[in-house]
Amino acid sequence: VRTDTIRVHRPDVVKQYYPDYIVETERGEFYLIETKGLVDIDVPRKDERAKKWCEDLTKLTGKKWNFIRIDQSLFQSHDFKTFEELVKAHKQMAKK
């Protein structure tokens, strides 16, 4: 898990972004993770921008970048043993 600042040097891509977490899997995929205790009116817009940011990074780097938002309610409702369990629970919740 890295929490570094990411800098991208292209005018059509966000230049600086401070994600809560970045996870690189053993398969070489990256996950940009934002955690939220309160989902306010700005969150959907920020989520869409983060998804676009990941699409841009995927194109720029040739490595797969994914965005997931983990709400406090999801995190507290499970006892996750692995990162894969967290991603699976997020995907199931997103389908609802």
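Residues numbered from 1 in each chain as written. Predicted model: local features only at pLDDT ≥ 70, side-chain atom pairs only at ≥ 80, totals over all residues. Heavy atoms only, no water.

Peer 1: Is there a simple way to explain the overall build of the chain in this structure?
Peer 2: Secondary structure summary: the chain contains three helices and five strands in total. Starting at the N terminus and walking to the C terminus, you meet the elements of the chain as β-β-β-β-α-β-α-α. By the burial criterion, 34% of the 96 residues in the chain qualify as buried. Considering only contacts within the chain whose residues lie at least 6 apart along the sequence, 40% involve residues at least 24 apart. (Helix = DSSP H or I, 4+ residues; strand = E, 2+ residues; numbered from the N terminus. Buried < 20%, exposed > 50% of the residue type's maximum accessible area, 1.4 Å probe, protein only. Contact = heavy atoms within 4.5 Å.)

Peer 1: I would appreciate a short explanation of the nonpolar core in the present structure.
Peer 2: What tends to happen in soluble globular proteins is that the nonpolar side chains get buried as a cluster. If you look at the biggest cluster of nonpolar residues, it comprises eleven residues: Val23, Tyr31, Ile33, Ile68, Ile70, Leu74, Phe80, Phe83, Leu86, Val87 and Ala89. By residue number, the principal contributor to this core is helix H3 (residues 83–95), which donates four residues. With near-sequence residues (within four places) excluded, Ile70 lies in contact with Ile33, Glu34, Thr35, Lys36, Phe75, Leu86 and His90. One finds Phe30, Leu32, Cys54 and Trp65 within the second-largest nonpolar core, a separate group that totals nine residues. (Core = buried A, V, L, I, M, F, W, Y, C linked by side-chain atoms within 4.5 Å.)

Peer 1: In this structure, what is going on with the packing of aromatic side chains? I would like to understand it.
Peer 2: By convention here, two paired aromatic rings are described through the distance between centres and the angle between planes. One pass over the structure, following the stated rule, counts four aromatic pairs. Considering the side-chain rings of Tyr31 and Phe83, the 5.1 Å spacing of their centres and the 75° angle between planes classify their relative orientation as edge-to-face. Of the two residues, Tyr31 sits in strand S4 (residues 30–36) while Phe83 sits in helix H3, which places them 52 residues apart along the sequence. Note on Trp53 and Trp65: the rings are 6.2 Å apart at their centroids and 90° apart in plane angle, and the pair reads as edge-to-face. Here Trp53, found in helix H1 (residues 43–61), pairs with Trp65, found in strand S5 (residues 65–71); they are twelve residues apart in sequence, far enough to count as distant. We note that Trp53, like Trp65, is buried. (Phe/Tyr/Trp six-rings, centres within 6.5 Å; stacked < 30°, edge-to-face > 60°.)

Peer 1: Any chance you could explain H3 here in plain terms?
Peer 2: An α-helix turns once per 3.6 residues; consequently, residues spaced three or four apart project the same way. With 13 residues, H3 should reach 18 Å at 1.5 Å per residue; the first-to-last C-alpha distance of 19 Å fits that figure. Considered for burial, the residues of H3 that qualify are Phe83, Leu86, Val87, Ala89 and His90. Down the axis of H3, the buried side of the element spans an arc of 165°, and every buried residue falls inside it. Exposed side chains of H3 directed beyond 90 degrees from the buried face belong to Lys88 and Lys95. (Expected span 1.5 Å × (residues − 1). Arc of directions from axis to C-beta.)

Peer 1: I keep staring at the side chain of Thr25 and nothing clicks. Help me out?
Peer 2: The topology assignment puts Thr25 in the loop between strand S3 (21–24) and S4. Setting aside its immediate chain neighbours within four residues, Thr25 contacts Tyr31 and Phe83.

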